[in-house]
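Here is what each chain is made of, one letter per residue.
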Amino acid sequence: MRFLRIFGTPVRVRFAPSPTGPLHLGGLRTALFNYLLARNTGGSFLLRIEDTDRARFLPDSVESIISCLTWAGLDYDEGPNKNSSYGPFFQSARTELYREHALKLLKEGFAYRCFCTPERLKEVREVAHKAGTSIAYDRYCLSLSSATIQENIAQGLSYTVRLKTPEGRIKFQDLVYGTIEIADKSIDDTIILKSDGLPTYHLANVVDDHFMKISHVLRGEEWLSSTPKHIIMYKAFGWDPPHFAHLPLLLNKDKSKLSKRSGDVSVERFMEKGYLPEGLLNFIALLGWSPDYEKEIYTLQELISEFSLDHIGKSGMIVMTPKLDSLNKQHMIIRGKSSRGLNELVGILKPLVVAKFGQALSNTNEGYKLGNEYLTTVLRTMLDRIRKLNDIPELCGYYFLDPNYKSTESLQFRSEIDEDTLRIVAEAAASRISILSPEEYHLDALKLLISNITKETGLQQKQVMITLRYVLTGVKVGAGVPETMKTLGQNKSLQRLKLFSVDSSVNKSL
């Protein structure tokens, strides 16, 4: 039976990342779904840092994770730097609690010490692999006598603590995948306490979820196979387990699992490329969750209102960047409709432009191109043409620097334009623009100017437009030609047109 919408029942959920690298797309989706469920039900959203893997721990990752969540607008109710009686929220600060509960399982016979060396464990795994079994440990240490165990401890031998898998079948309900039943023969005696005294994920998350009163665990499908081990521990401790909902995998185009090692999947990279938080959240919300009706554009508040677990699918979802680009474009247009929203977009765009062109423009008379007024003009011109804000510095450099007419793209473009046409159009446009007053240099006048050039030269309008686009930008794609001329300004447009006039010596070298 699938799980239906929770009506009026506040949940307690948590996002529990490991600070071993930057937050990736899958992690942000897990955080988002937990956040949406908490806000939809009037519950609580916790952030817990699972930092017990000290070998892979990266201190900067914690700050990065929190920064990404803040950027996305996923504010947590309890977690680092927020007071709560359920903390601390770093697992490294809770190690005594884990040891205490590992010892409890040992005393009550639900776990046992394992003194096997890494060399022996490797041999056991190889034998298991050849035999085609999923059980990677042969329970050698389960049969050790109390005397042997005490003797090994007295000798200072290193040991781990393993969970003793009970006989029988483990059965539980997943709110996405339904009834799951697994035989004990396919469940390994997993390590719950490492030889360094630190817990593994399995013990730490069970203990923490219980003491933090987590009601629902939403996490990636990759943890579905580990859930029986967690159910065993809940039963051993005499605790009620939370509700589990495992989210479908995110996949690459080749249907391999998306991971931190799959390329540019970190949230920080999407931020650096100029994607909006609402665009990225909209995109990942639809990677596994389907609303009741056909709709694609959602604000965060709309996602909160519509979200429910019964609309989460089981199939893996392929991450398609063109879909993200399309959604992000729509969100940019929506935000840009208000003056406040447009100012916010300029605030995001500005550091991207400064990073690309700041050094070249600084200490020149064109430093104004780094200012808000000019950037606002550029953004208004290009907003319905771009998919993310970084498209402006990456694809529209001609607004900030003179075109590179010797680039491969520009040379190819020029080869498509007749030399006489280039000269005639450039000269005609330059002569007409030069006699306009600043007040007359507006969009309607520029449209009329282009129309008159078409009539007087006998050229097709397409020929005139292509030629002017080449002269002004050096590239084929961009905003409308009159809009581009208006944005560049009268002086800059005239300067570029004169490069290709009949008497220009520069034209001969271009």
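It should be noted that the structure appears before, not after, this text.
Q: Mind showing me how you'd approach the overall build of the protein chain here?
A: Within the protein chain one finds 20 helices and 11 strands. At 31 Å, the protein chain has a C-alpha radius of gyration far larger than the 24 Å of a compact globule built from 510 residues. The principal-axis extents of the C-alpha atoms in the protein chain amount to approximately 105 × 50 × 40 Å. Sorting the 510 residues of the protein chain into buried and exposed places 51% on the buried side. Relative to all contacts within the protein chain whose residues are 6 or more apart in sequence, the contacts with residues 24 or more apart total 76%. A gap of 1 Å separates the mean positions of the 65 positive and 59 negative side-chain charges of the protein chain.

Q: Where do I start with helix H19 (residues 481-488) in this structure?
A: In an α-helix, one turn spans 3.6 residues; hence positions three or four apart end up facing the same way. Where burial is concerned, most of H19 is hidden: 6 out of the 8 residues are buried. Turning to H19, its buried residues number three or more, namely Val481, Pro482, Thr484, Met485, Thr487 and Leu488. Buried-residue contacts for H19 involve helix H13 (372-382), helix H16 (419-434), helix H17 (443-457), helix H18 (461-473) and helix H20 (490-498). Remark: glycine 489 follows H19 within two positions and exhibits a positive phi of approximately 95 degrees.

Q: For this particular structure, what's the right way to read the pattern of salt bridges?
A: Close approach of charged atoms lets side chains of opposite charge pair. Taken as a whole, this structure holds 31 salt bridges when the rule is applied. Note that lysine 369 is salt-bridged to glutamate 366, the shortest N-O span being 3.0 Å. Judged by relative accessible area, which is 1%, lysine 369 ranks as buried. The network of salt bridges with shared partners includes Arg14, Arg48, Glu50, Arg94, Asp208 and Asp209.

Q: What am I meant to see in the packing of H16 against H17 here?
A: Axes are the key here: two packed helices are described by the angle between their axes and the distance separating the axes. With their axes 10 Å apart at the nearest point, H16 and H17 run at an angle of 130 degrees to one another. In terms of axis orientation, H16 runs oblique to H17. In terms of crossing hand, the pair formed by H16 and H17 is right-handed. Residues Ile424, Ala428, Ala429, Arg432 and Ile433 of H16 form the contact with H17, whose participating residues are Leu449, Ile453, Glu456 and Thr457. Partitioning the contact of H16 with H17 into residue classes produces 6 nonpolar, 1 polar and 2 charged.

Q: Is there a simple way to think about the nonpolar core in this case?
A: Within soluble globular proteins, side chains that are nonpolar generally end up buried alongside one another. Counting 84 residues, the largest nonpolar core has Leu28, Phe33, Leu69, Leu74, Leu203 and Phe283 as the members making the most contacts within it. Looking at this core, the element that brings in the most residues is helix H1 (residues 25-41), giving 9 residues. When near neighbours in sequence (up to four residues on either side) are disregarded, leucine 69 contacts Phe15, Leu23, Leu28, Ala31, Leu47 and Leu74. Leu345, Leu383, Ala429 and Leu468 belong to the second-largest nonpolar core, a separate cluster that totals 54 residues.

Q: Please explain the packing of aromatic side chains as it appears in this structure.
A: The description of an aromatic ring pair rests on the distance of the ring centres and on the angle between the ring planes. Evaluated as defined, the whole model comprises 19 aromatic pairs. Aromatic side chains tyrosine 234 and tryptophan 239 sit 6.5 Å apart centroid to centroid with 65 degrees between the ring planes, which places their arrangement in the edge-to-face category. Since its relative accessible area comes to 1%, tyrosine 234 is described here as buried. Arranged with centres 5.1 Å apart and planes meeting at 15 degrees, the rings of phenylalanine 357 and phenylalanine 400 form a pair that is stacked. Note that phenylalanine 357 is positioned in helix H12 (residues 339-361) and phenylalanine 400 in the loop between helix H14 (391-395) and helix H15 (408-415), a separation of 43 residues in sequence. What makes phenylalanine 400 buried here is its relative accessible area of 0%. Its guanidinium or amino end placed over the ring of tyrosine 86, arginine 12 lies 4.4 Å from that ring's centre, counting from NZ or CZ. Of note, arginine 162 hangs over the ring of tyrosine 137, and the distance from its end group to the ring centre comes to 3.8 Å.

Q: Explanation requested: the sheet that holds strand S4 (residues 160-163) in the structure shown.
A: Whether parallel or antiparallel, the strands of a sheet pair through hydrogen bonds between backbone atoms. In space, the 3 strands of this open sheet follow the order S3-S4-S7, with antiparallel pairing throughout. Looking at which strands have only one partner, the edges of the open sheet turn out to be strand S3 (111-114) and strand S7 (191-193). Sheet twist, expressed as the mean angle between neighbouring strand axes with direction ignored, is 45 degrees. In this structure, S3 lies alongside S4, joined through 4 bridges in antiparallel fashion. Within S4, the residue paired with tyrosine 112 across the bridge is arginine 162.

Q: Honestly, H15 in this entry has me stumped. Any pointers?
A: For H15, the full list of buried residues reads Ser410, Phe413 and Arg414. Each buried residue of H15 lies within a common arc of 95 degrees when the element is viewed along its axis, so the set occupies one face. Relative to its buried face, H15 has exposed residues pointing more than 90 degrees away, namely Thr408 and Ser415. Those residues of H15 hidden inside the fold are in contact with H16 and H18.

Q: I keep staring at the pairing of S4 and nothing clicks. Help me out?
A: For a regular strand, side chains alternate in direction, first toward one face of the sheet and then toward the other. Going residue by residue along S4, you find Thr160 and Arg162 tucked away on one face and Val161 and Leu163 tucked away on the opposite face as well. Here 2 bridges tie S4 to S7, and the two strands are oriented antiparallel to one another. Across the sheet, residue arginine 162 finds its bridge partner in S7, namely isoleucine 191.

Q: I'm lost on the packing of H17 against H18 in this one. Help?
A: Between H17 and H18, whose axes approach to 9 Å, the crossing angle comes to 125 degrees. The orientation of H17 relative to H18 falls into the category oblique. Seen along the crossing, H17 lies across H18 with a hand that is right-handed. Of the residues in H18, those in contact with Ile450, Ile453 and Thr454 of H17 are Gln461, Val464, Met465 and Leu468. Here the residues of the contact of H17 with H18 are counted per class, giving 5 nonpolar, 2 polar and no charged.

The rules behind the values
- Residues numbered from 1 in each chain as written.
- Predicted model: local features only at pLDDT ≥ 70, side-chain atom pairs only at ≥ 80, totals over all residues.
- Heavy atoms only, no water.
- Helix = DSSP H or I, 4+ residues; strand = E, 2+ residues; numbered from the N terminus.
- Rg over C-alpha atoms; globule rule 2.2 N^0.38 Å.
- Buried < 20%, exposed > 50% of the residue type's maximum accessible area, 1.4 Å probe, protein only.
- Contact = heavy atoms within 4.5 Å.
- Lys, Arg positive; Asp, Glu negative; His and termini not counted.
- Charge placed at Lys NZ, Arg CZ, Asp CG, Glu CD.
- Salt bridge = Lys/Arg side-chain N within 4 Å of Asp/Glu carboxyl O.
- Axes fitted to C-alpha atoms, helices over the stretch in contact; angles between N-to-C directions.
- Parallel < 35°, antiparallel > 145°, perpendicular 65-115°, else oblique.
- Left-handed = near helix turned anticlockwise from the far one by under 90°.
- Nonpolar A, V, L, I, M, F, W, Y, C, P; charged D, E, K, R; others polar.
- Core = buried A, V, L, I, M, F, W, Y, C linked by side-chain atoms within 4.5 Å.
- Phe/Tyr/Trp six-rings, centres within 6.5 Å; stacked < 30°, edge-to-face > 60°.
- Lys NZ or Arg CZ within 6 Å of the ring centre and 35° of its normal.
- Pairing = 2+ DSSP bridges.
- Arc of directions from axis to C-beta.

Just distances and angles here, no functional claims.
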